[in-house]
Amino acid sequence: MTSSPPTGGGVIIDLGTGDGSFVYQSALRHPDRFYIGIDAQSSALEKISEKIHRKPAKGGAPNVLFIQAAVEDLPPELDGVADEVHAHFPWGSLLRALALGDEVALRNLRRVCAPGAWLEVVIALDPERDRAEIERLGLSPLSLEFLETTLIPRYRAAGFDIVEYGSLPPSEWPQLQTSWARRLRGATSRPLNFLIARAVGDV
Ligand SMILES: C[S@@+](CC[C@H](N)C(=O)[O-])C[C@H]1O[C@@H](n2cnc3c(N)ncnc32)[C@H](O)[C@@H]1O
């Protein structure tokens with residue numbers, strides 16, 4: 001799994017961006033790419049969204065845009081712009097949408113993708129610690145059977161072909177540059193489930 005599939009530039013959307021750390025760090029490393037961080041809540045973004053407007057020598061990142069929006073209601077101005085979409089450690093309604101393959105949310109995601117765009121979804125749930133949230137959201141365990149019989153067909157129906165999926169034990173987590181990756185890494189009982197898909201067909 002990679003957290004930056006090889007598109008060779010373009011526009012990258014980070015959905016459920018949280019404090020924007022992945023967007024900001026990636027934008028500094030890849031000034032030729034344009035990063036859009038989207039989150040339903042804007043409070044965690046205050047620090048980084050102030051930073052990006054500084055001069056580049058002082059940590060500014062002119063190739064970053066943050067938008068407050070929910071996956072259920074993505075602005076039409078984003079239609080077809082993304083070459084990559086990432087969703088790292090989603091929670092709440094975003095987690096429900098991605099882990100259950102909600103039709104409206106997946107179609108919204110597909111809508112913002114350019115043809116052939118990559119989608120990466122990374123979910124790390126602890127069946128014990130997160131039990132209350134799993135029950136509240138009505139989530140199914142991300143078993144191979146659930147993926148193959150339910151989730152993959154739902155993604156495909158929305159215009160995403162899953163090209164890779166799997167589960168990694170905590171010892172094999174990749175170096176994802178997000179605040180929640182840093183927070184959760186090392187938790188012994190939290191496997192990391194990932195899906196990599198490509199946008200196919202017409203919207
Ligand atoms: C656990 S945080 C992960 C943040 C970041 N991706 C990271 O890895 O550090 C999950 C984020 O999903 C956002 N979120 C939850 N529901 C959402 C929705 N329906 N649409 C967009 N963002 C949502 C939350 O506001 C929160 O910032």
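On a predicted model such as this, the values are computed, not experimentally measured, just so you know.

Cut-offs and rules
- Residues numbered from 1 in each chain as written.
- Predicted model: local features only at pLDDT ≥ 70, side-chain atom pairs only at ≥ 80, totals over all residues.
- Heavy atoms only, no water.
- Pairing = 2+ DSSP bridges.
- Helix = DSSP H or I, 4+ residues; strand = E, 2+ residues; numbered from the N terminus.
- Axes fitted to C-alpha atoms, helices over the stretch in contact; angles between N-to-C directions.
- Contact = heavy atoms within 4.5 Å.
- Buried < 20%, exposed > 50% of the residue type's maximum accessible area, 1.4 Å probe, protein only.
- Phe/Tyr/Trp six-rings, centres within 6.5 Å; stacked < 30°, edge-to-face > 60°.
- Lys NZ or Arg CZ within 6 Å of the ring centre and 35° of its normal.
- Core = buried A, V, L, I, M, F, W, Y, C linked by side-chain atoms within 4.5 Å.

Account for the sheet that holds strand S6 (residues 160–168), with residues named and values stated.
Across the sheet, seven strands lie side by side as S3-S2-S1-S4-S5-S7-S6; this open sheet has mixed pairing. The open sheet has two edge strands, strand S3 (64–68) and S6, and neither has a second partner. Each strand of the sheet is rotated relative to its neighbour by a mean of 15 degrees, with strand direction disregarded. Pairing analysis gives six bridges linking strand S1 (residues 10–15) to strand S2 (residues 33–39), with the strands arranged parallel. When the sheet's bridge partners are listed, Gly 10 is paired in S2 with Arg 33. Strand contacts of helix H4 (residues 103–112): S1, strand S4 (82–88), strand S5 (113–123), S6 and strand S7 (192–199), with the helix running at about 130 degrees to S5, the strand carrying the most contacts.

Please provide a residue-by-residue account of the side chain of Asn 63, values included.
Here Asn 63 shows up in the loop between helix H2 (46–51) and S3. For Asn 63, a relative accessible area of 8% translates into the label buried.

I'd love a proper account of the packing of aromatic side chains, names of residues and values included.
By the definition in use, this model includes three aromatic pairs. It is Arg 183 that lies over the ring of Trp 180; its NZ or CZ is 4.3 Å from the centre.

Which residues make up the nonpolar core, and what values do they have?
In terms of nonpolar packing, the biggest core is built from 43 residues, with Ile 38, Leu 109 and Tyr 155 touching the most fellow members. A per-element tally of this core places helix H3 (residues 92–100) first, with six residues. Leaving out residues up to four positions away in the same chain, Tyr 155 has contacts with Leu 98, Gly 101, Leu 106, Leu 119, Val 121, Phe 160, Ile 162 and Leu 195. Counting 12 residues, the second largest nonpolar core, distinct from the first, contains Leu 176, Leu 184, Phe 194 and Ile 196.

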